[in-house]
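Below are the chains, spelled out letter by letter.
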Amino acid sequence: MATSIERSPGRSTLRYVRLMLLVVPLLLVVAIVIYGIANQRIEDSLSSYYLGPARDLFVAMLVTTGVLLVVYTGEEMEDLALNLAGFYAMFVAVVPTRLGETLADLPIGEQRRLIFSVQVSVIAVLVVSVVFVWLGIRTSNAPHRALFQSNLTKILGLLSTMLLIAFVLLLLWRTIEGEQFAGVHASAAFLLIFSMGIAIASHLDHRPLCSMDTSGGKKTHYAIVLVLMLLGLIGWPILLALGIEEALFIVEWFEIGLFSYFWYLESRRLWNPAN
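Position numbers for residues count from 1 along each chain, tracking the sequence in the order it is written. Confidence filtering applies because this is a predicted model: local features only for residues at pLDDT of at least 70, side-chain atom pairs given and counted only at 80 or more, and all residues used for totals across whole chains, interfaces and linings. Note: side-chain values were computed over all heavy atoms of the structure, leaving out hydrogens and water.

Quick look at the overall build of the protein chain now. Secondary structure is summarised from DSSP: a helix means a run of H or I of at least four residues, a strand means a run of E of at least two, and numbering begins at the N terminus for each. Counting secondary structure elements, the protein chain contains ten helices and zero strands. The order of α-helices and β-strands along the protein chain, N terminus first, is α-α-α-α-α-α-α-α-α-α. Buried residues in the protein chain amount to 40% of all 275 residues. When checking whether two residues touch, look at their non-hydrogen atoms; a contact exists if any pair is within 4.5 Å. Taking all contacts inside the protein chain whose residues are at least 6 apart in sequence as the whole, residues at least 24 apart take part in 72%. Classification of residues uses two cut-offs on accessible area relative to the type maximum, computed with a 1.4 Å probe and protein chains only: under 20% is buried, over 50% is exposed, and between them is partly exposed.

Right, here's the structure in full:
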């Protein structure tokens with residue numbers, strides 16, 4: 001017979017948040033497979049689907065993933081890293097890659113409409129993010145105390161804060177400039193992976209990064225995921241140098257696969273945790 005804890009709505013909600021972080025990317029996987037078979041080709045990056053027939057699913061997947069990352073609550077360091085990852089995911093979704101090339105192929109009127117659409121999306125996400133942070137500060141007694149747990153958490157916290165400030169300044173500049181949003185998509189994608197890396201690293205050794213052991217006996221698995229994420233980023237320029245046009249597409253799906261495996265590990269670890 002299930003205990004009251006096992007029947008807890010809160011626990012069930014967290015279970016399905018983790019499962020949704022596994023399932024949501026399947027929306028785009030299925031769509032890309034169908035379009036690939038129908039058109040006998042794949043695009044050179046996931047973001048290339050932004051202006052194609054899979055745009056709605058591309059944006060929906062990333063926005064949903066971003067929201068789930070923010071909603072999910074882990075240990076302090078992991079929680080902060082996932083909040084940042086969710087924030088960056090929003091801008092990977094709403095600011096398309098190589099926007100300048102896309103605009104060059106559009107009439108002036110459509111260029112202005114597309115730029116205005118991106119500006120509105122960026123401003124909306126920033127405003128909601130500020131409100132969310134304000135509410136978090138008002139409702140939390142001691143937000144992110146773990147940032148001061150060790151020298152490593154202090155360094156990572158400071159680095160994450162500096163990168164966040166730099167990204168927001170870039171975002172505001174490009175939004176006011178209202179031209180091509182150069183560098184925004186790539187920066188958001190890199191920072192998304194960087195933040196996910198910190199979240200995964202928090203499961204490796206609870207002494208410097210976490211107040212308790214959250215590895216579930218799978219430290220090696222988390223370490224492998226972290227190393228592979230780094231190798232994926234290193235492999236990107238190598239694939240480009242080899243002349244592989246789909247280099248970014250390959251790396252993006254490689255990272256998404258690792259991201260999904262991380263949530264599989266988390267789902268297994270926390271499905272029925274010891275009381």
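Read on, since the account is not over.
As for its position among the elements, Glu266 is in helix H10 (residues 247-270). A polar contact of 2.5 Å, which involves the side chain of Glu266, links it to the side chain of Tyr222. Sequence-distant contacts of Glu266, defined by excluding residues within four places in its chain, comprise Arg18, Tyr72, Glu78, His203 and Tyr222. Whenever two N or O atoms come within 3.5 Å, that pair is a polar contact, provided that in protein one can donate a hydrogen and the other can accept it, and provided that, for residues adjacent in sequence, both atoms are side-chain atoms.

Bringing the UniProt feature "transmembrane region" (unreviewed entry) in the protein chain into the picture now. Here, the residues flagged by UniProt with the feature "transmembrane region" (unreviewed entry) are residues 16-37, 57-73, 80-99, 114-135, 155-176, 182-201, 222-241 and 247-265. With 88% helix and 0% strand, residues 57-73 has end C-alpha atoms that lie 26 Å from one another. UniProt positions are given in the numbering used here, feature names are shortened, and annotations may be inferred rather than shown by experiment.

We note that Phe181 has phi near 55°; this positive angle belongs to a residue other than glycine. Secondary-structure assignment places Phe181 in the loop between helix H6 (151-177) and helix H7 (184-201). A relative accessible area of 2% means that Phe181 is categorised as buried.

Helix span, expected: 1.5 Å multiplied by one less than the number of residues in the helix. With 32 residues, helix H5 (residues 108-139) should cover 46 Å at 1.5 Å per step; its first-to-last C-alpha distance of 47 Å lies within 8% of that length. Within H5 the residues assigned to the buried category are Leu114, Ile115, Val118, Gln119, Val122, Val125, Leu126 and Ser129.

With that settled, the discussion passes to the nonpolar core. Only buried residues count toward a nonpolar core. Its members are Ala, Val, Leu, Ile, Met, Phe, Trp, Tyr and Cys residues joined through side-chain atoms within 4.5 Å. Core analysis: the biggest nonpolar cluster contains 62 residues, and Leu69, Phe91, Val122, Phe167, Phe181, Met196 and Trp263 have the highest contact counts within it. The greatest single-element share of this core, amounting to 14 residues, is contributed by helix H3 (residues 76-94). Contact partners of Phe181, with chain neighbours within four places excluded, come to Val95, Leu99, Ile115, Val118, Gln119, Val122, Arg174 and Thr175.

The subject of this paragraph is the packing of H3 against H6. Working convention: axes come from line fits to C-alpha atoms, limited for helices to the stretch in contact. Angles between N-to-C directions cover 0 to 180 degrees. Close contact between H3 and H6 brings their axes to 12 Å; oriented N to C, the two are set at 15°. With respect to H6, the axis of H3 lies roughly parallel. Seen from above, H3 lies across H6 with left-handed handedness. Between H3 and H6, the contacting residues are Met77, Leu84, Phe87, Tyr88 and Phe91 on the first element and Thr153, Leu156, Gly157, Ser160, Leu163, Leu164, Phe167, Val168 and Leu171 on the second. Classification used: nonpolar for Ala, Val, Leu, Ile, Met, Phe, Trp, Tyr, Cys and Pro, charged for Asp, Glu, Lys and Arg, polar for all others including Gly. For the contact of H3 with H6, the residue count by class is eleven nonpolar, three polar and no charged. In this scheme, roughly parallel covers angles under 35 degrees and roughly antiparallel covers those over 145, while 65 to 115 is roughly perpendicular and the rest are oblique. Here is the rule for handedness: rotate from the far helix to the near one, and if that takes an anticlockwise turn smaller than a right angle the crossing is left-handed, while a clockwise turn gives right-handed.

Below, the discussion takes up the packing of H5 against H6. In the contact formed by H5 and H6, the axes pass within 10 Å of each other and the chain directions differ by 145°. With respect to the hand of their crossing, H5 and H6 are arranged in left-handed fashion. When H5 is examined against H6, the residues Gln119, Val122, Ile123 and Leu126 are found in contact with a partner set consisting of Leu171, Leu172 and Thr175.

What counts as a ring pair is set by centres within 6.5 Å for rings of Phe, Tyr and Trp (its six-membered ring), and what kind of pair is set by the plane angle: stacked under 30 degrees, edge-to-face over 60, tilted for all other angles. Across all of its chains, the model carries eleven aromatic pairs by this definition. Both rings, one in Tyr88 and one in Phe167, keep their centres 5.3 Å apart while their planes meet at 90°; by these two values the pair is edge-to-face. With Tyr88 in helix H3 and Phe167 in helix H6, the pair connects residues that are 79 residues apart, well separated along the chain. For the pair shown, Tyr88 and Phe167 are each scored as buried.

Now for the confidence of the model for the protein chain. Confidence scores per residue from the predictor, reported as pLDDT, run from 0 to 100. On average, the protein chain scores 81 in pLDDT, and the residues at 70 or more come to 87%. Below pLDDT 50 for its whole length, residues 1-6 participates in eight contacts with residues either more than four positions away or in separate chains.

On the secondary structure map, Ser195 appears in helix H7. On the basis of relative accessible area, Ser195 is assigned to the buried category, the value being 3%. Look past the residues within four positions of Ser195 in its chain and what remains in contact with it is Ala81, Leu84, Ala85 and Tyr88.

Glancing now at H6. Under the 1.5 Å per step criterion, the end-to-end length of H6 is 39 Å for 27 residues, consistent within 8% with the ideal 39 Å. Of the positions making up H6, those classed as buried are Thr153, Leu156, Gly157, Ser160, Phe167, Leu170, Leu171, Arg174 and Thr175. The elements touched by buried residues of H6 are H3, H5, H7 and helix H8 (206-209). Positive phi shows up at Gly178, right after H6, with a value of about 65°.

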